[in-house]
Amino acid sequence: LQNLTSWLLEDLLTAAQRVRRRTEYIAGMVKGNLPPPVFETGDLNDAARDVLKTLTRTARDRGLQLVPELDPHLRPMEFDYDRIYDCLYNLVNNALPETPPGGTVTLRTLAPAGDDGEVVIQVQDTGRGIPEAVRSRLFT
């Protein structure tokens, strides 16, 4: 019972911190001045886990499974947690409605061989894919 209580308290505190930071970010957007990025050393896999944790219920309600494939060999790196979280959240959340019930959405991190600090992040789903007409305009 103590472990469950500790886990719930930690989860609530993390969620409260995320809500506070998100509220400050949105307030800055409304005022027309985004806060500058805040680069801190951390584990990118933690941000990925937090996204999956946030979207687990949504996925479950749609009959989907979220699959983490997180490289345990990622080294700590400097990144803006909130912006990476938002990016990963959007990618995974956008995949959910495009994946039929019984399908999966996988969030994958990879540290390719070499010591250049490169990290690969992939979101893969078992949906029908993005139509070519949309793909050609996707990043314009």
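Below, the structure is looked at part by part. Values in this document were obtained by computation on a predicted structure and should not be read as measured data. The residue count restarts for each chain, going from 1 along the sequence in the order it is written. Two thresholds apply to this predicted model, a pLDDT of at least 70 for residue-level local features and 80 or more for giving and counting side-chain atom pairs, whereas whole-chain, interface and lining totals are computed over all residues. To get the side-chain values, all heavy atoms of the structure are used, and hydrogens and water are removed first.

## Let's talk about the overall build of the protein
Then, in step 1: If you tally the helices and strands in the protein, you get 4 helices and 5 strands.
Then, in step 2: Strands here mean DSSP runs of E at least two residues long; helices mean DSSP runs of H or I at least four residues long; both are numbered from the N terminus. Starting at the N terminus and walking to the C terminus, you meet the elements of the protein as α-β-α-β-β-α-β-β-α.
Then, in step 3: Principal-axis analysis of the C-alpha atoms gives the protein an extent of 40 × 40 × 40 Å.
Then, in step 4: The 140 residues of the protein split such that 25% are buried.
Then, in step 5: By definition, residues are in contact when any of their heavy atoms lie within 4.5 Å. Put simply, of all contacts in the protein between residues at least 6 apart along the chain, 73% involve residues at least 24 apart.
Then, in step 6: Computed with the Shrake-Rupley method and a 1.4 Å probe, the accessible areas treat only the protein chains shown as cover for residues. When the accessible area of the protein is evaluated, it comes to approximately 9,800 Å², of which 56% is carbon and sulfur surface.
Then, in step 7: Two residue types count as positive, namely Lys and Arg, and two as negative, namely Asp and Glu; His and chain ends fall outside the count. Think of each charge as sitting on NZ of Lys, CZ of Arg, CG of Asp or CD of Glu. Of the charged side chains in the protein, 16 are positive and 20 negative, and the gap between their average positions amounts to 7 Å. Accessibility here uses a 1.4 Å probe with only protein chains present; expressed as a share of the type maximum, an area under 20% marks a residue as buried, one over 50% as exposed, and anything in between as partly exposed.

## Observations concerning the sheet that holds strand β4 (residues 104-110)
Then, in step 1: Reading across the sheet, the 3 strands line up as β2-β4-β5 and stay open at both edges, with mixed pairing between neighbours. Where the open sheet ends on each side, the last strands, each with one partner, are β2 (65-70) and β5 (120-125). Direction aside, the axes of adjacent strands within the sheet are offset by 10° on average.
Then, in step 2: When DSSP locates at least two bridges between a pair of strands, those strands are taken to pair. Bridge analysis of β2 against β4 gives 6 bridges, and the strand direction is parallel. Across the sheet, Val67 pairs through a bridge with Thr106, a residue of β4.
Then, in step 3: To obtain each axis, a line is fitted to C-alpha atoms, and for helices this fit is confined to the stretch in contact; angles are then taken between N-to-C directions over 0 to 180 degrees. Packing against the sheet, helix α3 (residues 81-95) makes contact with β2, β4 and β5, and its axis sits at approximately 15° to β5.

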